[in-house]
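Observations on chain architecture
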Amino acid sequence: MKSYKLTFAILFCFGLLLTSCKSEPTLQTYIVDHQEAQNFTTVDLPLTVLNLDESKLDDAQLATYKSIKRLNFLGYKKDTAQPDAFITEKEKVELILNNETYNELMVINNHGGKFTLKYVGDDDESIDELIVYGNVKDTGFGVLRVLGDNMKPSQIMSLAKVLEKGDIDMTKMKGAIDFFNN
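All values derive from a computational prediction rather than experimental measurement.

A few words now on the sheet that holds strand β2 (residues 68-77). Reading across from one edge, β1-β2-β6-β5-β4-β3 is the order of the 6 strands in this open sheet, with antiparallel pairing throughout. The open sheet is flanked by β1 (40-45) and β3 (103-110), the only strands paired with a single partner. Averaged over all pairs of adjacent strands, the angle between strand axes in this sheet comes to 10°, irrespective of strand direction. One ladder, built from 10 bridges, connects strand β4 (residues 113-123) with strand β5 (residues 126-136); its direction is antiparallel. In the sheet register, Lys118 faces β5, and the bridge partner there is Ile131. Its contacts with the sheet put helix α3 (residues 59-67) on β2 and β6 (140-151), and the angle it makes with β2 is roughly 65°. Strand contacts of helix α4 (residues 83-97): β1, β2, β4, β5 and β6, with the helix running at about 160° to β5, the strand carrying the most contacts.

This next bit is on a nonpolar patch on the surface. Residues Met106, Ile108 and Phe115 make up a contiguous nonpolar surface patch of about 220 Å² in total accessible area. The topology assignment puts Met106 in strand β3. The class for Met106 is partly exposed, based on a relative accessible area of 32%.

Turning our attention to the packing of helix α2 (residues 27-34) against α4. Where α2 meets α4, the axes come as close as 9 Å, and the angle between the chain directions of the two elements is 155°. Judged by the angle between their axes, α2 and α4 are roughly antiparallel. The segment α2 lies against α4, with Leu27, Tyr30 and His34 engaging Glu89, Lys92, Val93, Ile96 and Leu97. When the residues that make up the contact of α2 with α4 are grouped by side-chain class, the tally is 5 nonpolar, 1 polar and 2 charged.

Tyr65 and Ile68 are the most contacted members of the largest nonpolar core, which has 18 residues in total. When contributions to this core are tallied by element, the ones reaching two or more residues are β1, β2, β5, β6 and α5 (153-165). With 3 residues, the top contributor of residues to this core is β2. Tyr30, Tyr76, Val120 and Ile131 belong to the second-largest nonpolar core, a separate cluster that totals 16 residues.

Before going further, it helps to examine the pairing of β6. The buried fraction of β6 is high, at 9 of 12 residues. Two elements, β2 and β6, share 9 bridges in a ladder whose sense is antiparallel. Following the sheet pairing, Leu74 is matched in β6 by Val143. Of the strand pairs in this sheet, β5 and β6 are connected by 9 bridges, and their pairing is antiparallel. Bridge pairing links Tyr133 to Val143 in β6. Where β5 folds back onto β6 in an antiparallel hairpin, the turn is made up of 3 residues.

Before going further, it helps to spend a moment on the pairing of β3. Summarising the sheet, β3 and β4 pair through 7 bridges and their orientation is antiparallel. Each bridged residue has a counterpart across the sheet, and for Asn103 the counterpart in β4 is Tyr119. With antiparallel pairing between neighbouring strands as the criterion, β3 and β4 make up a hairpin whose turn holds 2 residues, including His111 at a positive phi of roughly 45°.

As a further point, take a negative patch on the surface. A grouping of Asp122, Asp123, Glu125, Asp128 and Asp149 is seen on the molecular surface, where their side chains present a negatively charged patch. Considering the arrangement of structural elements, one finds Asp128 in strand β5.

Our focus in this paragraph is the environment of Gln28. Position of Gln28 relative to the elements: it lies in helix α2. For Gln28, a relative accessible area of 45% puts it in the partly exposed group. Separated by 117 residues in the primary sequence, Gln28 and Arg145 have C-alpha atoms spaced 9.0 Å apart.

What counts and what doesn't
Residues numbered from 1 in each chain as written. Predicted model: local features only at pLDDT ≥ 70, side-chain atom pairs only at ≥ 80, totals over all residues. Heavy atoms only, no water. Pairing = 2+ DSSP bridges. Helix = DSSP H or I, 4+ residues; strand = E, 2+ residues; numbered from the N terminus. Axes fitted to C-alpha atoms, helices over the stretch in contact; angles between N-to-C directions. Contact = heavy atoms within 4.5 Å. Patch = residues over 30% accessible without salt bridge, like charges linked within 9 Å, V, L, I, M, F, W, Y side chains within 5 Å. Areas by Shrake-Rupley, 256 points an atom, 1.4 Å probe, with all protein chains shown as cover. Salt bridge = Lys/Arg side-chain N within 4 Å of Asp/Glu carboxyl O. Buried < 20%, exposed > 50% of the residue type's maximum accessible area, 1.4 Å probe, protein only. Parallel < 35°, antiparallel > 145°, perpendicular 65-115°, else oblique. Nonpolar A, V, L, I, M, F, W, Y, C, P; charged D, E, K, R; others polar. Core = buried A, V, L, I, M, F, W, Y, C linked by side-chain atoms within 4.5 Å. Lys, Arg positive; Asp, Glu negative; His and termini not counted. Charge placed at Lys NZ, Arg CZ, Asp CG, Glu CD.

In C-alpha cells form, the structure reads like this:
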C-alpha cells in the first residue's frame, strides 16, 4: 500500500511539472531556432556599434546607455521563389509578439512597411527587453532585441534622438545590411 501511494505521489508531481512548463514559443527561441536557416541572418551587435561619445550625453541618457547590455538582430530576406515562406515566418514572429508577454509601445506604418516597438518588463518604466520589429512586404522582416536592465522607454527615445545625429559604426552592421542588399 505504501509503494502505491509513493508511485501516485511521484506521478502527481511529474504531472504538475509537465503542466507548469510553458510550451509557448518565445522570440529568443525563435531566433535561436532560425539562426542557421535559409533566408535568415542573425547578428549580435556590440554596444560599441552605436559609437556614442558618452561625454555628450546628459545623466538620463548616460544611465539609459549603460543599462543596455547587448543588441541581437534577426533578419529574414524574402525569396521571390518562395513567397509563402515569407508569409509563414512573418506570421510566426507576429504570433509570438502578440503574446501578452510583449507590451506594445508604438506602431509606425511607413511607405509599405510596418514597424512595431514592444517591450518586456514589469511596467513601462522598467523594461528589460525592447523589441523593434519591422517588415516590408517586398524585402522581408527584421527583429532587433535591445537587452538591458531597468531601461526606461522615455529615456530610450531621448537616446534614439542622439543616435539619429550620431555616427553609427556601419561596418559592424555590414553583415545585416549586405544580407538585405544581395
